[in-house]
Amino acid sequence: MGSLGSKATDVIGTLIFSNCRAIKTNQDLLPSTPISQLFLNDFWGTPLTHSGSHKSYRPLCVLSFRLNYALSGFDPWSYHFTNVLLHTAATALFTALASSVFCYSSLPTLVAGLLFAVHPVHTEAVAGVVGRADVMASVLFLLSLLSYIRYCKYRDKRLFLYLCLVFAAGSMLTKEHGVTVLMVCAVYDLFVVHRLHPKDFLVILNQKKYGALREGLLHLGVTAVALLLGRFHLMGSKTPDFAPADNPASDNSSLMTRTLTFLYLPAFNFWLLLCPRWLSFDWSMEAIPLVSTPWDFRNAFSICLYVTLLHFLAQVSKSLASQKSSAQAGSHGSCDCSSTCCTWNHRLQLSGKQYRSSSYKNYPCTTTTPAPANNTGNNNSKLDSYYFGGLHSSMDAGIIAGALLALPFLPATNLFFYVGFVVAERVLYIPSMGFCLLIALGFDQLYRRQELVVIKRLMLGVLLALLVTMSVRTVRRNRDWWNEENLYRSGIPINPPKAYGNLANILSSQGKKAEAEWAYKKALAYRSNMADVHYNLGILQQEQARYEEALLSYKLAIQFRPRLAMAHLNLGLVLGILGRKDEAADVYRHCAELDSSGLKDPKMHETTKISALFNLGRLYADDGSYKQAIQVYQEAVAKMPHHYQPQSLYNMMGEAFFKLKEFEEAERWYQQALRAKADHIPAHLTYAKLLSKWGRQREAEQWFLKAKVIAPNDSSVYQHYGQFLSENERHSEAANVYLRAAELAPEEYEIIFNAANALRQAGRNGDAEHYYQIAVKLRPKEVGSHMNLGAMLHVNGKLQEAELAYLEALRLKPGDHMTQNNLQKLRVLLNKSSDKKDSRRR
């Protein structure tokens, strides 16, 4: 009966968990978890207030995963299909925004929309399922911004303002940086609609004409503060802790190194947008070496970025100041600067050389502003200056593009708090909108200024080549994301230790053990202190029964990460296999007492600690110390977290009481196991055995039959049911049941051997002989197989073959009394047979 419990424990001890904790091991996806729990846990299903929480609060994204799970379980198709739909929606909304930014001009709108649709840097967010957070947040981000733009056009329709705030909250609840849309809205209202210079911000407070602006900014500000304070409160008023390898610069003691590296990383991210040649699933560790001195050539890229940024801000400031001067210097008829100022709220259409506008009076007050609506003069030249290359129209588009590029990226800069990554391509999904607008704006400006048709066609050809190149790169990058092996192989040039370590896990799961071991060692050659790689290498060595090597690997894993509970658990398992039970007990006890504060996956850690107690109790039970085992099991029950699956623990508790012949207590725990998991096969079988032992044969058989219905292809069910039938002398039925078990597990020695015994008891000697032959092949050094095969051959009259089987049994176990007796009887028959043959010859 002990084998039933141990089988489940071995799985607990050696399982290699997927990297995709947000889905595969996230209990919040399961229907059994209350919906309310999604709003208390982080993205990985860990309570936000726990010290080990990642603090990534994305309940709406997790809710979408839960809907996918309800639709297709863990089958990935629905998850990926949803991501593609969201990217399509984001592209459509962004194109609508670009159309507004460029006054419905088709060329820049098309450039921005197509570039966004095919940009390779988006591959991780769309193809990687957990990138859902970024894509879904961007959809809500765009809905929020477009709603605010509508609010600015129709100030009396506050519904658009409230929609903006709701969408902003939804974007933040999908991915943290979604809250920055409120900042983008504020920039739009201040610098594009009202064209205020930063020096004039104080006038907003007391001038009546800025009442609409005050209303918008007040709502944006209050919402932002409320969302941020609520977010901080849910986090337990603590920022997350990350491993040094996740963000090496944050852990560096040198202020210069931290500063120079953090200044360089935005430039590196911008380069990924500009030239996405090298992309990787992971940029942690030393994928981007730290910038430690001012003489590092990479500082030149940082300087270029920030000089360009300062130049852009200076141009914006100059533009806004010039507008103010122009407005103060001259009169513009009926143009009212307190009205909504915008460059794209009213559609301009070009037809030949004629322009149409619903009204001119809402254009911003600038030196190139068209005359008022009651002016009957010809304004085409001014409109042409305004739209085609006019300073303020291009600057307005530049302001929006710059805000979209910079503001959503701010949380990833380490400016306010350290983040848990160096570079993450998915984080660029929203900032890339600003990048695409800038590229489209620049192309449009250059194209409009060209007069030669040849040059224009050449520019369009270059644009087409760029889009095709980007598309091809995206297709190739999607192939990398087609499966995990391709993904990790593609990351080797960028981050070899992480890529080789993950690749080894995949190769191991595919049964390519030699290649997997090579990849693990390659990873360790690049970075020898990777505890996870040492641990997984130990798993591989343990599976191959290379126990001494596995011990060394587990000890190294613990050395580099002392609180790696799974390494402790497996170290205990290997020590137990090697018979070093006292050492194993000490390791299990130490594992059960490990601290879980600050760990990335506290749920897994707590589960492993209970598994350590489970294995400690089993260790005592295997030695016959059932009372001591029960004490440990009870400790595990008292300490187990709510997410722990307790059925195996309850089942082992029942077995311990069964061994002590405390049948009523054993029955209680077996029933507890079945309540915890109604289809738990080991509990069905052990409970049935208890009932059989207790003399309740009819009930026992019912539980065996229930197990058959639940697991019709589980050989252990037929094995134990066959044993029950044999004990009740129902040998013919037992033989048939054992034959079914043998069909399901033709390589299992115990099943084959027991099937042969059952067939012999049922009088099916020919079949029994056949299965004893198979048992001998499975375990050629097992004495019992040869001895029973000899007996069966003896009964079947195959005396010469029987003698050989007996002699092999005696060779393996000299002096075995039963074999010697059988051999003696056989030789008597052989002598008689020989005498008869001799007499016939005479």
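Throughout, residues of each chain are indexed from 1 in the direction in which the sequence is written. Confidence filtering applies because this is a predicted model: local features only for residues at pLDDT of at least 70, side-chain atom pairs given and counted only at 80 or more, and all residues used for totals across whole chains, interfaces and linings. Excluding hydrogens and water, the side-chain figures rest on all heavy atoms present in the structure.

- In the nomenclature of an unreviewed UniProt entry, the protein is known as dolichyl-phosphate-mannose--protein mannosyltransferase of Oedothorax gibbosus.
- UniProt positions are given in the numbering used here, feature names are shortened, and annotations may be inferred rather than shown by experiment. In its Sequence similarities (unreviewed entry) section, UniProt records this for the protein: "Belongs to the TMTC family."
- For the record of the protein, the UniProt heading Pathway (unreviewed entry) holds the text "Protein modification; protein glycosylation."

A short note on the state of the cysteines
Right, so step 1: The rule for a disulfide is simple: a pair of cysteine sulfur atoms within 2.5 Å. A full pass over the atoms with the stated rule returns zero disulfides.
Right, so step 2: Among the cysteines around C185, which has no disulfide bond, C164 carries the closest sulfur, lying 3.9 Å off.
Right, so step 3: Classification of C185 by relative accessible area gives buried; the value is 0%. For the exposure calls, accessible area comes from a 1.4 Å probe over protein chains only, and a residue counts as buried if that area is under 20% of its type's maximum, exposed if over 50%, partly exposed in between.

Points about unusual backbone geometry
Right, so step 1: In this structure, C103 is a non-glycine residue whose phi angle is positive, near 50°.
Right, so step 2: As for its position among the elements, C103 is in the loop between α3 (77–101) and α4 (106–118).
Right, so step 3: Judged by relative accessible area, C103 falls into the buried class, the value being 5%.
Right, so step 4: In this structure, A545 takes a positive phi of about 60° despite not being glycine.
Right, so step 5: Tracing the backbone shows A545 in the loop between α20 (531–543) and α21 (547–560).
Right, so step 6: The exposure class assigned to A545 is partly exposed, which follows from its relative accessible area of 45%. Each helix is a run of DSSP H or I of at least 4 residues and each strand a run of E of at least 2, with the numbering of both proceeding from the N terminus.

Describing the nonpolar core
Right, so step 1: Working definition of a nonpolar core: buried Ala, Val, Leu, Ile, Met, Phe, Trp, Tyr and Cys residues. They are joined through side-chain atoms within 4.5 Å. Counting 101 residues, the largest nonpolar core has Y535, Y588, Y633 and L649 as its most contacted members.
Right, so step 2: Leaving out residues up to four positions away in the same chain, L649 has contacts with I610, F614, Y633, A636, V637, M640 and Y644.
Right, so step 3: Grouped together as the second largest cluster of nonpolar side chains are 100 residues, I288, L320, A412 and L428 included. When checking whether two residues touch, look at their non-hydrogen atoms; a contact exists if any pair is within 4.5 Å.

A short note on the environment of E769
Right, so step 1: With respect to the helices and strands, the residue E769 is situated in helix α33 (residues 765–778).
Right, so step 2: Note on E769: relative accessible area 9%, which makes it buried.
Right, so step 3: Separated by twelve residues in the primary sequence, E769 and N757 place their C-alpha atoms 9.5 Å from one another.
Right, so step 4: Among the polar contacts made by the side chain of E769, one reaches the side chain of N796 at a distance of 2.8 Å. Distance and chemistry together define a polar contact, namely a pair of N or O atoms within 3.5 Å, with one atom able to donate a hydrogen and the other to accept it when in protein, and with adjacent residues in sequence counting only for side-chain atoms on both sides.

So, the pattern of salt bridges
Right, so step 1: Salt bridge, as applied in this entry: a Lys or Arg side-chain nitrogen positioned within 4 Å of an Asp or Glu carboxyl oxygen. A full pass over the atoms with the stated rule returns 37 salt bridges.
Right, so step 2: Between R561 and D532 there is a salt bridge, and its shortest N-O distance comes to 3.2 Å. Of this pair, R561 sits in the loop between α21 and α22 (565–577) while D532 sits in helix α20; the two residues are 29 residues apart in sequence, bridging distant segments of the chain.
Right, so step 3: A salt bridge links D595 to R563, with the shortest nitrogen-to-oxygen separation between them at 3.7 Å. On the criterion of sequence distance, the pair formed by D595 in the loop between α23 (581–592) and α24 (602–622) and R563 in the loop between α21 and α22 is long-range, its members being 32 residues apart.
Right, so step 4: A relative accessible area of 44% places D595 in the partly exposed class.
Right, so step 5: On the accessibility criterion, R563 (30% relative accessible area) is partly exposed.
Right, so step 6: Here the salt bridges share partners, and the residues they tie into one network are E517, K521, R546 and E549.

Quick word on a nonpolar patch on the surface
Right, so step 1: Taken together, the side chains of L71, W77, F81 and L85 make up a nonpolar region of the molecular surface, amounting to roughly 460 Å² of accessible area.
Right, so step 2: The greatest single-element share of the nonpolar patch, amounting to three residues, is contributed by α3.
Right, so step 3: Mapped onto the elements, L71 comes out in helix α2 (residues 59–72).
Right, so step 4: For L71, a relative accessible area of 59% corresponds to the exposed category. For patches, a residue must show more than 30% relative accessible area and have no salt bridge; joins then use 9 Å for like charges and 5 Å for nonpolar side chains, namely Val, Leu, Ile, Met, Phe, Trp and Tyr. Each accessible area value is a Shrake-Rupley result obtained with a 1.4 Å probe; residue values ignore everything except the protein chains displayed when judging cover.

Overview of the packing of aromatic side chains
Right, so step 1: By convention, a stacked pair of Phe, Tyr or Trp rings (six-membered ring in the case of Trp) has centres within 6.5 Å and planes under 30 degrees apart, an edge-to-face pair has planes over 60 apart, and any other such pair is tilted. Here the structure, examined in full by the defined rule, presents 28 aromatic pairs.
Right, so step 2: Seen in terms of ring centroids, F268 and W283 are 5.1 Å apart; in terms of plane orientation they differ by 75°. Their pairing is edge-to-face. Separated by 15 residues along the polypeptide, F268 in helix α11 (residues 255–274) and W283 in the loop between α11 and α12 (299–329) bring together distant segments of the chain.
Right, so step 3: A relative accessible area of 5% means that W283 is categorised as buried.
Right, so step 4: Of the aromatic side chains, those joined through ring pairs into one cluster are F43, F65 and Y79.
Right, so step 5: We note R58 situated over the ring of F43; from NZ or CZ to the ring centre the distance is 4.7 Å.
Right, so step 6: Remark: a charge is flagged as sitting over a ring if the NZ atom of Lys or the CZ atom of Arg is within 6 Å of the ring centre and within 35 degrees of the ring normal. In this arrangement the basic side chain of R696 is found over the ring face of W694, its NZ or CZ atom lying 4.8 Å from the centre.

Let's talk about the side chain of S490
Right, so step 1: The residue S490 is located in helix α17 (residues 484–490) in this model.
Right, so step 2: Of the polar contacts made by the side chain of S490, one reaches the side chain of R477; its length is 3.2 Å.
Right, so step 3: Here the side chain of S490 touches L487 through a polar contact of 2.5 Å, landing on its backbone oxygen.

Things to note about the UniProt feature "repeat: TPR" (unreviewed entry) in the protein
Right, so step 1: UniProt tags residues 531–564, 610–643, 647–680, 715–748 and 783–816 as "repeat: TPR" (unreviewed entry).
Right, so step 2: Taken end to end, residues 610–643 comprises 79% helix and 0% strand; its first and last C-alpha atoms sit 11 Å apart.
Right, so step 3: Taken end to end, residues 783–816 has its terminal C-alpha atoms 10 Å apart, with 79% of it in helix and 0% in strand.

Focus: the packing of helix α34 (residues 783–795) against helix α35 (residues 799–812)
Right, so step 1: Angles run from 0 to 180 degrees between N-to-C directions of axes, and those axes are lines fitted to C-alpha atoms, restricted for helices to the stretch in contact. Packing of α34 against α35 leaves a shortest axis separation of 8 Å and a crossing angle of 160°. With respect to each other, α34 and α35 are oriented roughly antiparallel. The chirality of how α34 crosses α35 is left-handed. Where α34 approaches α35, its residues V783, H786, M787, L789, G790, A791, L793 and H794 are matched on the opposing element by L799, E801, A802, A805, Y806, E808, A809 and L812.
Right, so step 2: Counted by class, the contact of α34 with α35 contains eleven nonpolar, three polar and two charged residues. Just so you know how the angles are binned, under 35 degrees is roughly parallel, over 145 roughly antiparallel, 65 to 115 roughly perpendicular, and the rest oblique. Handedness of each helix crossing follows the sense of rotation of the near helix against the far helix: counterclockwise by less than a right angle gives left-handed, clockwise gives right-handed. Ten residue types, Ala, Val, Leu, Ile, Met, Phe, Trp, Tyr, Cys and Pro, are classed as nonpolar, four, Asp, Glu, Lys and Arg, as charged, and the remainder, Gly among them, as polar.

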